[in-house]
Each structure stands twice: as C-alpha cells, then as structure tokens.
Amino acid sequence: MSLTPVQTPIIPRLKKEKIVSLIKTGKRIDGRRLDEYRPITIQLNPIQKAEGSAAVKIGDTMAMVGVKLEVGIPYSDRPNEGVLQVHAEFVPLASPTFEPGPPDENAIETARVIDRSLREPRAIRLEDLAIIPGQKVWIVFNDIYLLDHDGNIIDASMLASMLALNVTKMPKIVSIEGDKVVIDKDSREQKLPLNLNVVTVTIGKVDKYFIVDPNLEEESVLDAKITVAVDSLGRIVGLQKMGMEGFTEDEVDYVIGLALKKAKELHSLLEKVLKNPEEASKSIV
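Criteria and thresholds
- Residues numbered from 1 in each chain as written.
- Predicted model: local features only at pLDDT ≥ 70, side-chain atom pairs only at ≥ 80, totals over all residues.
- Heavy atoms only, no water.
- Core = buried A, V, L, I, M, F, W, Y, C linked by side-chain atoms within 4.5 Å.
- Buried < 20%, exposed > 50% of the residue type's maximum accessible area, 1.4 Å probe, protein only.
- Helix = DSSP H or I, 4+ residues; strand = E, 2+ residues; numbered from the N terminus.
- Pairing = 2+ DSSP bridges.
- Axes fitted to C-alpha atoms, helices over the stretch in contact; angles between N-to-C directions.
- Contact = heavy atoms within 4.5 Å.
- Salt bridge = Lys/Arg side-chain N within 4 Å of Asp/Glu carboxyl O.
- Phe/Tyr/Trp six-rings, centres within 6.5 Å; stacked < 30°, edge-to-face > 60°.
- Parallel < 35°, antiparallel > 145°, perpendicular 65-115°, else oblique.
- Left-handed = near helix turned anticlockwise from the far one by under 90°.
- Nonpolar A, V, L, I, M, F, W, Y, C, P; charged D, E, K, R; others polar.

Before going further, it helps to spend a moment on the nonpolar core. In terms of nonpolar packing, the biggest core is built from 66 residues, with Ile40, Leu118, Leu163 and Leu165 touching the most fellow members. Among the nonpolar cores identified, the runner-up in size contains seven residues, and Ile23, Val206, Ile211 and Val221 belong to it.

The subject of this paragraph is the environment of Lys18. Locating Lys18 in the fold gives a position in helix 1 (residues 13–24). The exposure class of Lys18 is partly exposed, given its relative accessible area of 47%. Put simply, Lys18 and Arg28 are 10 residues apart on the chain and 9.3 Å apart in space, counted from C-alpha to C-alpha.

With that settled, the discussion passes to the sheet that holds strand 11 (residues 224–231). With respect to topology, four strands assemble into an open sheet ordered 10-9-11-12, the strand pairing being antiparallel. Bordering the open sheet on either side are strand 10 (209–212) and strand 12 (236–242), each of which pairs with just one other strand. Recorded for the sheet is a direction-independent mean angle of 25° between the axes of neighbouring strands. Contacting strand 9 (198–206), strand 11 and strand 12, helix 2 (residues 105–119) crosses the sheet at an angle of about 160° to strand 12.

Of all seven residues in strand 2 (residues 52–58), six are buried, a share of seventy percent or more. Here strand 1 (residues 40–44) runs beside strand 2; their pairing, made up of five bridges, is antiparallel. Across the sheet, residue Ile40 finds its bridge partner in strand 2, namely Ile58. Bridge analysis of strand 2 against strand 3 (residues 61–72) gives seven bridges, and the strand direction is antiparallel. Paired with Lys57 across the bridge in strand 3 is Met62.

Here the focus is the pattern of salt bridges. Close approach of charged atoms allows side chains of opposite charge to pair. For the structure on display, the rule yields 24 salt bridges. The residue Arg122 makes a salt bridge to Glu81 at a minimum N-O spacing of 3.0 Å. Here the residue Arg122 occupies a position in the loop between helix 2 and strand 5 (130–132), and Glu81 occupies one in the loop between strand 3 and strand 4 (83–90), the gap between them amounting to 41 residues. The exposure class of Glu81 is buried, given its relative accessible area of 13%. In this structure, a network of salt bridges that share partners links the residues Arg28, Asp30, Arg32, Arg38, Asp150, Asp213 and Glu218.

Following the criterion strictly, the structure yields two aromatic pairs and no others. For the ring pair Phe210 and Phe247, a centre distance of 6.1 Å and an interplane angle of 25° mean the geometry is stacked. Of the two residues, Phe210 is situated in strand 10 and Phe247 in the loop between strand 12 and helix 5 (249–275); the sequence distance between them amounts to 37 residues. Grouping residues by exposure puts Phe210 and Phe247 together as buried. With centroids separated by 5.6 Å and ring planes inclined at 45°, the aromatic side chains of Phe210 and Tyr254 adopt a geometry described as tilted. Highlighted residues: Phe210 in strand 10 and Tyr254 in helix 5, separated in sequence by 44 residues.

Okay, the packing of helix 2 against helix 3 (residues 153–166) next. At their nearest, the axes of helix 2 and helix 3 sit 10 Å apart, and the two run at 45° to each other. Considered as vectors, helix 2 and helix 3 are oriented oblique to each other. In this structure, helix 2 meets helix 3 at a crossing whose hand is right-handed. When helix 2 is examined against helix 3, the residues Thr110, Val113, Ile114, Ser117 and Leu118 are found in contact with a partner set consisting of Ile153, Ile154, Ser157, Met158, Ser161, Met162 and Leu165.

Okay, the packing of helix 3 against helix 5 next. It is the contact of helix 3 with helix 5, at a shortest axis distance of 11 Å, that shows an interaxial angle of 35°. Where helix 3 crosses over helix 5, the handedness of that crossing is right-handed. When helix 3 is examined against helix 5, the residues Leu159, Met162, Leu163 and Asn166 are found in contact with a partner set consisting of Leu269, Leu270, Val273 and Leu274. Here the residues of the contact of helix 3 with helix 5 are counted per class, giving seven nonpolar, one polar and no charged.

Everything listed here is a matter of coordinates, which is why it stays silent on function.
Below is the structure:
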C-alpha cells in the first residue's frame, strides 16, 4: 500500500461545502446514492489494429485500452511464462491538470495497481504463453489511454483492461525454426488464455461517510480513498490507499464489505457484455 499524489481541479470553497454537506445527508451533487456508480457505457474492439481493445465510460470519465502481442524473450526468473506489461498514458486533452511528456506519478500508479490486480490472482495464464520455453514467449502489452478525466480513473481503466483482454485474439504462429518464430498478425484465431476476471471498486471517505465512484469534484473534498481489487471468485486480490487520512478497523471492514457488493455488480456487467457484445455500445448501468 502506498500514498499517491493526486491532482484535482480548484473548486470554489462554497461548492466544496455544498458537496460535503450533501454527502452528510446521504446525497450527492449529481443526484446519486452514496453507494451508486455513474452510468457505464462500453464499446468493444474500437481499435481495429490491436489484438483486443475496449473503451469504457463511467460518467464522463473515459478510458480506452489496446492490447498488443509480440514475440519476445521471457524474464530470466520465469523462463517458461509469457510476459505482461501494463502502461498508462493520460492524454493532455483529458484534463487541464495533465501535461505533455512522460507519464506522471498518477499514470504510473494507475498502471501499477492494474498490473498487480491482474498478476496476483494470475488472471492471465502466462504459462500458456511460452512458445519456446526459456527462449521465446508472447509479451502482452496492456496499454491504457485516459481520454477524459472526471474522477475515478482506476475503475474505468481496470474495466476497460479486463474487457480488452477478454476479446483479445492471438496472432497465428506460422512456423518455428530453431529460435525463430514467424507469426501472421493478420490472422487472429486463438483467444488469450485467461483464468478469471478482476474488477476494482474505488471508495472515497468524507469525514465518516463513504462514497462509491467519486467524480472529479467529489475527489477534491475526499479525506482519503481506497481502491479494492476483487476477482470473479470473490477474493480480494489488491488494495490501494490514497490520501493522508487513515481508516479505523471498523471503517476498513465496512469499505471491504461495500467493495465486495459493488464488485459483484461489475462482474455481472462484464459477463453480460461478453455474452452479448451487441449490447456493449449501450448505456448499461
């Protein structure tokens, strides 16, 4: 667990006071319940040149993920497994607080949270991605692009990542001669081998109150924030705290219970979209 620096817009004091006072009465500035997500819209395979891709909007926050596969060399300590690499880029047009250049600490932290959330429960069967054990394996690049920032970046990026991985089709291996592997990128047949799905649920703390899926204005008044990663077996596979305020033991128990409840809803959403891709372009939640 680590603290993450967060860039938020400057909100007038009176508006901050209104946001906080509403939360303390069980209401929110956009009319939601404290435990309610914003509407979620999903598009599958918007990037045709990627092996798999997905775009997810949670409210006005939009993340797009493209998955690419390349043949490469395995890590020396895991010679018989493929490689997963997660990268995040926050496009400057997504927010006035984002600047051109290398990924900032928030983009790096987002990538790390999602990487760990996929890696810890072994969401991808990396052992099935060895082509020539010890020499050549598939490298899975999971590239996240934040296109519009209105709060709760991680949940949108995680959902888009999981959907993109689910629809990924692997390039066909044409031939293997010695340590040379020839692939046909225009022929995609086999699905990426997955063990299970993972979602994240982000919950913000304001005084003694807790809100699910904080939007950008709400993030400006949070005392702290926790992201909980939950796999499709109902196991907690990751936890990330942001902000300076602490949580009591009872508060942690409450947040975990709330996260598990909301994770079930997100997993049901994943299953629904993957079973009926034609419904994916509609507003689902």
